Amino acid sequence: MKDPRFDKFILLSNGLVPFILLLWDARHHRLGTNPVEFALHATGMLALIFLTLTLTITPLRKFTGWNYLSHFRRMLGLFAFFYASLHFTIYFIFQQNKSVAAAMLDVLNRSFILFGMTALILMVPLAATSTNWSIRKLGAEPWKKIHKLVYWSAGAAGLHYLKFPKADTRLPLIFGGILVSLLGYRLLVKRFPNLHCRRPQPVTPIPSVSLSDAKH
Amino acid sequence: MLIKKPSEIAGSEITDPKVYLSRRRFIRLGILAASTAATGWVYEKLSHSAASTVTVATLDGVVRSSASGRASGFWTDEPQNSLQEITHYNNFYEFSSDKNEVADLVQGFSTRPWTVSVEGLVRRPKVFDIDELLKISPPEERVYRMRCVEGWSMVIPWDGFSLSKLLDRVEPYSAARFVQFQTLMDPGRLPNQHWHLLPWPYVEGLRMDEAMHPLTILATGIYGRELPVQDGAPVRLIVPWKYGFKGAKSLVSIKVTSVQPANTWSVAAPEEYGFYANVNPNVPHPRWSQAMEQRLPGLFKDRPTLMFNGYGEQVAGLYAGMDLKANF
């Protein structure tokens, strides 16, 4: 028995769990010696995880034929934006002392900050046009075009994470590998459109999300 | 035989829609509770390392420092970081690159038996048993600022003695100009040495005059107790006016040389880390400015970084006439 409304509610609740636990741990001094660094790391990882999950939906849907998955893509994307914004806010308040000038200088001088900022800024139009209203207003095709920005955002986020560590890049490389395969998959599909044996019925995935969403 | 016709289902046996709906609600509540609990468990598991406590023996005969040592830089009255903070936030890449995780990973690491070879351009080279080395001089309390190249700082009450006391013992030749320090190489006990994160073993170096400076110590304890493993047991280098990475941990070799020795971070990333690594607010690290620092456990990076980490009065003379931007 499929009930997208309930399933989305479950996703919403679960996506908020790390945020609530982060606040809870902060309040109870459970974030270690450097709580700011802990929170920065946690929110950054969460943003990256949600971004990766967002990009996994379409390939997974095509491989399994399980179109139901597309109900969750928008919320996953919004969670990525939510945690990325938190990540930036913590950086801006604690590490740049709320100084716009200091943050700008940081962006200009350090490539990994520049990549992170790019990833976040590219997410803004995606989040802003995530409503059904925007899809109707913009039309499916232009909307799809705008939302291709997610690939650039993911690329920038991957580079941000890869360039941050001083020496230990094992985890960033794993994430990078996943992101590269997810992006490479899209290029492959573009090149060989008949890649899938099980072709999901609505051929254009993105408008189908919006239409099925719009019913509720 | 009498066959009873099945009676019509009594109205009372039909599930009340309310019950049916409440059962559905019950199942849904169950799904909500179980899934969020699982998510919470996974999040906590991945983001936190296991809690660990530090059990180390008390050091005997520690010479207490006090305000009298202030002029020499041996003592500061700034608030000291707690043992918990000092032992649960450690850059010890041989165990982990996650500073919060090292305390848990050092469990079971034994520092006995242990030897430190003091060799090179010296008249009396010697392989010291660690317990012999610790007896070279009674441990003195040194309350130093510790500034990490990453931008955070602490105030740590070390126990130890000036490196010069050890070097005097082995009598360096006049050709001696540098000292190289080497950390233990043992992938079986230092798990990250299986990975080429950095060129192992970890090595560091000092110029002879830096090594002989009274502020430069071999630390053997913290807070009057033996040095915990995560802080570099059984013996480590501390050079308080330099970034923390100069303080090589868990030393097995101290070698006097005539040429400038390699130091690990500057081999790994020469544009980011130099040989001198003096704390300097005017020379930014390529990844961040060094103008400000975060004094833990404070949250804000709002404290101006001090030239030579505040030890300029004692050490600035070592670098007279030197371009500290070129020799970062």
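Bear in mind that the values here come from a model prediction, so they are computed numbers and not experimental data.

Rules of the game
Residues numbered from 1 in each chain as written. Chains lettered and ligands numbered in written order. Predicted model: local features only at pLDDT ≥ 70, side-chain atom pairs only at ≥ 80, totals over all residues. Heavy atoms only, no water. Helix = DSSP H or I, 4+ residues; strand = E, 2+ residues; numbered from the N terminus. Rg over C-alpha atoms; globule rule 2.2 N^0.38 Å. Buried < 20%, exposed > 50% of the residue type's maximum accessible area, 1.4 Å probe, protein only. Contact = heavy atoms within 4.5 Å. pLDDT = per-residue confidence, 0-100. Patch = residues over 30% accessible without salt bridge, like charges linked within 9 Å, V, L, I, M, F, W, Y side chains within 5 Å. Areas by Shrake-Rupley, 256 points an atom, 1.4 Å probe, with all protein chains shown as cover. Salt bridge = Lys/Arg side-chain N within 4 Å of Asp/Glu carboxyl O. Pairing = 2+ DSSP bridges. Axes fitted to C-alpha atoms, helices over the stretch in contact; angles between N-to-C directions. Polar contact = N/O pair within 3.5 Å; in protein donor to acceptor, adjacent residues only side chain to side chain. Expected span 1.5 Å × (residues − 1). Buried area = accessible area lost by both parts, 1.4 Å probe. Nonpolar A, V, L, I, M, F, W, Y, C, P; charged D, E, K, R; others polar. Core = buried A, V, L, I, M, F, W, Y, C linked by side-chain atoms within 4.5 Å.

## Points about the overall build of chain B
- When you go through chain B residue by residue, the secondary structure sums to eight helices and twelve strands.
- The globule rule puts the C-alpha radius of gyration for 328 residues at 20 Å, and the 28 Å found for chain B is more than 25% above it.
- Dimensions of chain B along its principal axes, counting C-alpha atoms only, are 120 × 45 × 40 Å.
- Across the 328 residues that make up chain B, the buried fraction comes to 53%.
- For chain B, contacts bridging at least 24 residues in sequence account for 71% of all contacts bridging at least 6.

## What to know about unusual backbone geometry
Residue and element names in this part refer to chain B.
- Geometrically, the link from Trp 200 to Pro 201 is a cis peptide bond, its omega value of -5° lying close to zero.
- Among the structural elements, Pro 201 can be located in the loop between strand S5 (178–183) and strand S6 (203–207).
- Across the junction of Leu 296 and Pro 297, the peptide omega takes the value 0°, indicating a cis bond.
- On the secondary structure map, Pro 297 appears in the loop between strand S11 (292–295) and strand S12 (303–304).
- The backbone phi angle of Glu 171 is positive, close to 55°, even though this residue is not glycine.
- By secondary structure assignment, the location of Glu 171 is in the loop between helix H5 (163–170) and S5.

## Focus: the confidence of the model for chain A
Residue and element names in this part refer to chain A.
- Scored by pLDDT, chain A comes out at a mean of 89, with 89% of its residues at no less than 70.
- When mean pLDDT is taken per element in chain A, helix H3 (residues 73–95) scores highest with 97 and helix H10 (residues 205–214) scores lowest with 45.
- pLDDT under 50 marks residues 207–216. Its contacts with residues more than four places away, or in other chains, come to 17 contacts.

## Describing a nonpolar patch on the surface
- Taken together, Leu159(A), Leu162(A) and Leu173(A) make up a surface patch of nonpolar side chains, about 240 Å² in accessible area.
- Relative to the elements of secondary structure, Leu159(A) occurs in helix H8 (residues 149–163).

## With respect to the sheet that holds strand S1 (residues 115–120) of chain B
Residue and element names in this part refer to chain B.
- Here five strands make up an open sheet; going across it, the order is S2-S1-S10-S5-S6 and the pairing mixed. Because the sheet does not close on itself, it has two edges, and the strands there are strand S2 (126–129) and S6. The average undirected angle you get between the axes of adjacent strands in this sheet is 15°.
- Bridge analysis of S5 against strand S10 (residues 251–257) gives six bridges, and the strand direction is antiparallel.

## Thoughts on the side chain of Lys99(B)
- You can see Lys99(B) is positioned in the loop between helix H2 (83–87) and helix H3 (102–105).
- On the basis of relative accessibility, which here comes to 7%, the residue Lys99(B) falls in the buried class.
- Looking at Lys99(B), its side chain comes within polar contact range of the side chain of Glu150(B), at 3.0 Å.
- Leaving out residues up to four positions away in the same chain, Lys99(B) has contacts with Glu37(A), His88(B), Tyr89(B), Asn90(B), Asn91(B), Glu150(B) and Trp152(B).

## Some remarks on helix H2 (residues 35–64) of chain A
All names here are of chain A.
- Taking 1.5 Å per residue, 30 residues should reach 44 Å; H2 reaches 41 Å between its end C-alpha atoms and fits that length.
- With 21 of 30 residues buried, H2 is to be regarded as a mostly interior element.
- Just downstream of H2, Gly 65 is the residue with a positive phi angle, here 75°.

## So, the interface of chain A and chain B
- With 37 residues of chain A in contact, the opposing surface of chain B contributes 42 residues.
- Taking both sides of the interface into account, the surface hidden between chain A and chain B amounts to around 3300 Å²; carbon and sulfur atoms contribute 56%.
- Broken down residue by residue, the surface that chain A buries against chain B is led by Thr33(A), Lys166(A) and Arg170(A), which jointly contribute 24%.
- Linking chain A with chain B are four salt bridges, by the criterion used here.
- One salt bridge in this structure joins Asp3(A) and Arg28(B), with 2.6 Å as the shortest N-O distance.
- Along the contact surface separating chain A from chain B lie 21 residue pairs in polar contact (both at pLDDT 80 or more).
- Elements that contribute at least two residues to the side of chain A that touches chain B include exactly helix H1 (4–27), H2 and H3 of chain A.
- Top element by residues in the side of chain A that touches chain B is H1(A). It accounts for ten residues.
- Here the residues of the side of chain A that touches chain B sort into 20 nonpolar, eight polar and nine charged.

## A few points about the nonpolar core
- Among the nonpolar cores identified, the biggest contains 78 residues, and Trp158(B), Leu166(B), Phe181(B) and Ile254(B) are the most heavily contacted of them.
- Per-element tally for this core: the top contributor is strand S4 (residues 152–162) of chain B, with five residues.
- Contacts of Phe181(B), omitting those with residues within four sequence positions, involve Leu163(B), Tyr202(B), Val203(B), Glu204(B), Gly205(B), Leu206(B), Leu237(B), Ala248(B), Leu251(B), Ser253(B) and Ile254(B).
- Phe50(A), Leu69(A), Phe72(A) and Ile113(A) belong to the second largest nonpolar core, which has 47 residues in total.

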